[in-house]
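# Fold and geometry: a report
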Amino acid sequence: MVDLLHFPAPQNGISAPFTHHRVPASILLSRSDIDALKYRQGSEKHWSVLGEAASQFALDLMCVFQSQEPFGLPSGEPFITVVGDDLFRSLGPDGFEEDSIHKLLAAASYVGIITCDPVLSVYAEAATIAAKYRKNAVIIETQPDHGRDWCQLARTINPNASCRVALTDGESTDGYA
């Protein structure tokens, strides 16, 4: 389980107490979750692209959070998994249970690594690979100081996977130069 603290905005200048939540290491979104994500007003465009693809093309969509607890792969294929290594701070691959993250990367045909604000084309490419080619895609949302670590891990585990890295100063296909 992942500890998640929520600090609500002050009401009338008075700070409200924080809320403590425990969430699992991963969440497989249900069809109703995907539909809600797809149609939610104000939803980030990159999430809408993933929700639309998952809904229209019967893809599993899973989110993985920083945790040392093991998680399983989605039972259906193809799938898109978003690895959140940027929730509060980036921990890199060490922030995740090693065997689970290795299995996830080994099952991927595409790995997109985001080290900056969302780059819509990386999310769209993952959605296209999963929907059109029926291959598994992984998107890793991290910070610049861990982008290289994620890229090296993905290449070590799965050298045949296509890897695209979005950097703060542009994009680089197939990882770091």
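Relevant structure appears above.
Residues numbered from 1 in each chain as written. Predicted model: local features only at pLDDT ≥ 70, side-chain atom pairs only at ≥ 80, totals over all residues. Heavy atoms only, no water.

### A short note on the pairing of strand E6 (residues 110-114)
Of all 5 residues that make up E6, 5 are buried, and the element is covered over most of its length. Residues Tyr110, Gly112 and Ile114 line one face of E6 and the alternating positions Val111 and Ile113 line the opposite face, and both faces are buried. Relative to strand E7 (residues 137-141), E6 runs parallel, the two sharing 5 bridges. Of the residues in E7, the one forming a bridge with Val111 is Val138. Note that the unit made of E6, helix H4 (residues 120-132) and E7 has a crossover that is right-handed. The pairing of E6 with strand E8 (residues 162-167) spans 5 bridges and is parallel. Across the sheet, the residue bridging to Tyr110 is Ser162, located in E8. (Buried < 20%, exposed > 50% of the residue type's maximum accessible area, 1.4 Å probe, protein only. Helix = DSSP H or I, 4+ residues; strand = E, 2+ residues; numbered from the N terminus. Pairing = 2+ DSSP bridges. Right-handed = clockwise from strand over helix to strand, strands pointing away.)

### Some thoughts on the state of the cysteines
Taken as a whole and judged by the stated rule, the model has 0 disulfides. No disulfide involves Cys151; its sulfur sits 4.1 Å from the nearest other cysteine sulfur, which is in Cys163. By relative accessible area, Cys163 is classed as buried at 4%. (Disulfide = S-S within 2.5 Å.)

### Quick word on the nonpolar core
In terms of nonpolar packing, the biggest core is built from 23 residues, with Leu50, Leu59, Ile80, Ile114 and Ile139 touching the most fellow members. Looking at this core, the elements with two or more residues in it are helix H2 (45-56), strand E4 (60-65), strand E5 (79-84), E6, H4 and E7. In terms of residue count, H4 provides more of this core than any other element does, 7 residues in total. With 21 residues, the next largest nonpolar core counts Phe96, Ala108, Cys151 and Val165 among its residues. (Core = buried A, V, L, I, M, F, W, Y, C linked by side-chain atoms within 4.5 Å.)

### Regarding unusual backbone geometry
With an omega of 0°, the peptide bond between Glu77 and Pro78 qualifies as cis. Looking at the element boundaries, Pro78 is found in the loop between E4 and E5. Despite not being glycine, Ala58 shows a phi value in the positive range, around 50°. Tracing the backbone shows Ala58 in the loop between H2 and E4.

Read these as geometric descriptors, not functional statements.
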